[in-house]
Amino acid sequence: MKTLNFFDVMPQQIKSPIVTMGFFDGVHIGHQQLVKRVVKHAEEVKGTPTVITFVEHPLKTITGSAPPSITSLRKRLKLLARFNIAYTLLIEFDHNVAKIDPKEFIEKFLVANLQMRGIVIGENFRFGHRGAGTPDLLKKMSAEHSFFTDVQSHREWSGNVVSSTKIREAIKRGDCQSAHEMLSRPFSLCGTVIEGQKRGRKLGFPTANLSLEHTLVPGDGVYIGSVELNGKRYPSLISIGTNPTFDGQSTSTEVYIEGFDEDIYNQYLEVFVLDKIRDQIKFNDADELVARMNKDKEVLMQKFDTLKASISAT
Ligand SMILES: Cc1cc2nc3c(=O)[nH]c(=O)nc-3n(C[C@H](O)[C@H](O)[C@H](O)COP(=O)(O)O)c2cc1C
Ligand SMILES: Nc1ncnc2c1ncn2[C@@H]1O[C@H](COP(=O)(O)OP(=O)(O)OP(=O)(O)O)[C@@H](O)[C@H]1O
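Residues numbered from 1 in each chain as written. Chains lettered and ligands numbered in written order. Predicted model: local features only at pLDDT ≥ 70, side-chain atom pairs only at ≥ 80, totals over all residues. Heavy atoms only, no water.

## What about the site of ligand 1?
Right, so step 1: Every one of the 24 residues lining ligand 1 counts as a neighbour, but Arg199, Thr207, Thr245, Glu254 and Ile281 are closest to it.
Right, so step 2: Ser239 places a polar side-chain atom, nitrogen or oxygen, 3.4 Å from a nitrogen atom of ligand 1.
Right, so step 3: Gln280 is positioned with one of its side-chain polar atoms (N or O) 3.1 Å from a nitrogen atom of ligand 1.
Right, so step 4: Surface burial for ligand 1 is 99%, taken as the share of its 630 Å² of free accessible area covered by protein chains.
Right, so step 5: Those elements that provide at least two residues to the shell around ligand 1 are α9 (200-203), β12 (232-241), β13 (252-257) and α10 (286-308).
Right, so step 6: When residues in the shell around ligand 1 are grouped by element, the largest group, three residues, is from α10. (Near = heavy atom within 4 Å. Polar contact = N/O pair within 3.5 Å; in protein donor to acceptor, adjacent residues only side chain to side chain. Areas by Shrake-Rupley, 256 points an atom, 1.4 Å probe, with all protein chains shown as cover. Helix = DSSP H or I, 4+ residues; strand = E, 2+ residues; numbered from the N terminus.)

Put into structure tokens, the structure is as follows:
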């Protein structure tokens, strides 16, 4: 998959683009439905499956704060590539972009410049200045210009429309199962291993502390997880919280990788979060914490084989 700046694309650079557009945080089953339609249309007309997306969430510019991201840009691109998208066109959403009138966006950028052949969007999709662009506007303009508009009704799960917002809420409350079903894969923590307090090793539970590249963190607690390192999948325990036993102040995301003992500082890790097993506890001392961590390890070993089967589709 090639990645280009949306505003740098030259006419004819992409052959008959079939596009979809949005932030696609999480690339959930609703987004996947759109992306699969794009690929199908592209096959039919020998066009190019193309996604237009934003580097940062538009709300960061519009309201000053973006919702916490389920996926980093890197992960979003990786997932889109897996669905056979050929081009992703990135928009750095700033105040100038926010001011573009929806009609101008279609005529100047999607039609004149990109020369798109068709567009697939969800029924509630809004774009352009103050979100005034709608699926109806796209349909109306399809008639004047030579492109088609395919409006998809929203994919539901458990009686509700699937959205990035719903998935963020599930992850925050530690509901790994719901997040998994709406994403079609377990939620994963992605980031680089940084130094912690170096206390874990002394406790018999060395942990890789993660500096995450997305901003959504599951609610505080202890989770069963899985890490792939050097081609091997390891059972893991994830601790998210302030380490209340040691009166910590800031939240850390740490992974204990069972059966692994190598230096992985500065390495990039993806840790699948499979199930929450308990809340964080303020223990009376380190011995009580270690006793509980040993119990956590027993739970991990009992449940891991069943849970790991769910990662195969990722
Ligand atoms: C399986 C597991 C469970 C944990 N549970 C708790 C807990 O309930 N309360 C707590 O204060 N810290 C908990 N921790 C975090 C430890 O306090 C932390 O890993 C330890 O202080 C080492 O920190 P360091 O990696 O910064 O050296 C847990 C860690 C692991 C790996
Ligand atoms: N459940 C869904 N089914 C089909 N299409 C969807 C669904 N949810 C969103 N879309 C479409 O996907 C595109 C990208 O939408 P967007 O990234 O805003 O997703 P979202 O999941 O609704 O996010 P948020 O909850 O943050 O608003 C839009 O065309 C949107 O209409």
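## Things to note about the site of ligand 2
Right, so step 1: Surveying the vicinity of ligand 2 reveals 20 residues, the closest of which are Phe24, His28, Arg155, Val162 and Thr165.
Right, so step 2: Within the contact set of ligand 2, an oxygen atom lies 2.9 Å away from a backbone nitrogen or oxygen of Phe24.
Right, so step 3: Isolated, ligand 2 exposes 600 Å² of accessible area, and the fraction of that covered by the protein chains is 86%.
Right, so step 4: Its residues assigned to classes, the shell around ligand 2 comprises eight nonpolar, 10 polar and two charged. (Nonpolar A, V, L, I, M, F, W, Y, C, P; charged D, E, K, R; others polar.)

## A closer look at the sheet that holds strand β14 (residues 268-278)
Strand-to-strand pairing in sheets goes through backbone hydrogen bonds, with the strands running parallel or antiparallel.
Right, so step 1: One closed barrel accounts for six strands, arranged β9-β10-β13-β12-β11-β14; its pairing is antiparallel. Within the sheet, the average angular offset between the axes of one strand and its neighbour, ignoring direction, is 45°. (Pairing = 2+ DSSP bridges. Axes fitted to C-alpha atoms, helices over the stretch in contact; angles between N-to-C directions.)

## Some words on the UniProt feature "domain: Riboflavin kinase" (unreviewed entry) in the protein chain
Right, so step 1: When the UniProt feature table is mapped onto this chain numbering, "domain: Riboflavin kinase" (unreviewed entry) sits at residues 182-305.
Right, so step 2: With 21% helix and 39% strand, residues 182-305 has its two end C-alpha atoms placed 22 Å apart. (UniProt positions renumbered as here; feature names shortened; annotations may be inferred.)

## With respect to the pattern of salt bridges
Right, so step 1: Tallied over the entire structure, the rule returns 18 salt bridges.
Right, so step 2: The closest approach of N and O atoms between Glu270 and Lys75, which form a salt bridge, is 2.5 Å. Separated by 195 residues along the polypeptide, Glu270 in strand β14 and Lys75 in helix α3 (residues 73-82) bring together distant segments of the chain. The pair Glu270 / Lys75 is uniform in exposure class, with both members buried.
Right, so step 3: When the shortest N-O distance is used, the salt bridge between Arg292 and Asp296 registers 3.9 Å. Of this pair, Arg292 and Asp296 both sit in helix α10, four residues apart, roughly one helical turn.
Right, so step 4: Judged by its relative accessible area of 30%, Arg292 falls in the partly exposed class.
Right, so step 5: Linked through salt bridges whose partners overlap, the residues forming this network are Arg278, Arg292 and Asp296. (Salt bridge = Lys/Arg side-chain N within 4 Å of Asp/Glu carboxyl O. Buried < 20%, exposed > 50% of the residue type's maximum accessible area, 1.4 Å probe, protein only.)

## Description of unusual backbone geometry
Right, so step 1: Even without being a glycine, Ser158 presents a positive backbone phi close to 55°.
Right, so step 2: With respect to the element layout, Ser158 can be found in the loop between β7 (156-157) and β8 (160-161).
Right, so step 3: The class of Ser158 is exposed, set by a relative accessible area of 59%.
Right, so step 4: The backbone of Lys198 shows a phi angle near 65°, a positive value even though the residue is not glycine.
Right, so step 5: Mapped onto the elements, Lys198 comes out in the loop between β9 (188-194) and α9.
Right, so step 6: We classify Lys198 as partly exposed; its relative accessible area is 44%.

## Thoughts on α10
Right, so step 1: A maximum bend of about 40° is found in α10 at Gln302.
Right, so step 2: The set of residues buried in α10 consists of Leu289, Val290, Met293, Asp296, Leu300, Phe304 and Leu307.
Right, so step 3: The N-cap residue of α10 is Asp285: its side-chain oxygen and the backbone nitrogen of Asp287 are 3.1 Å apart. (Bend = angle between axes of the 7 residues up to and from the residue.)

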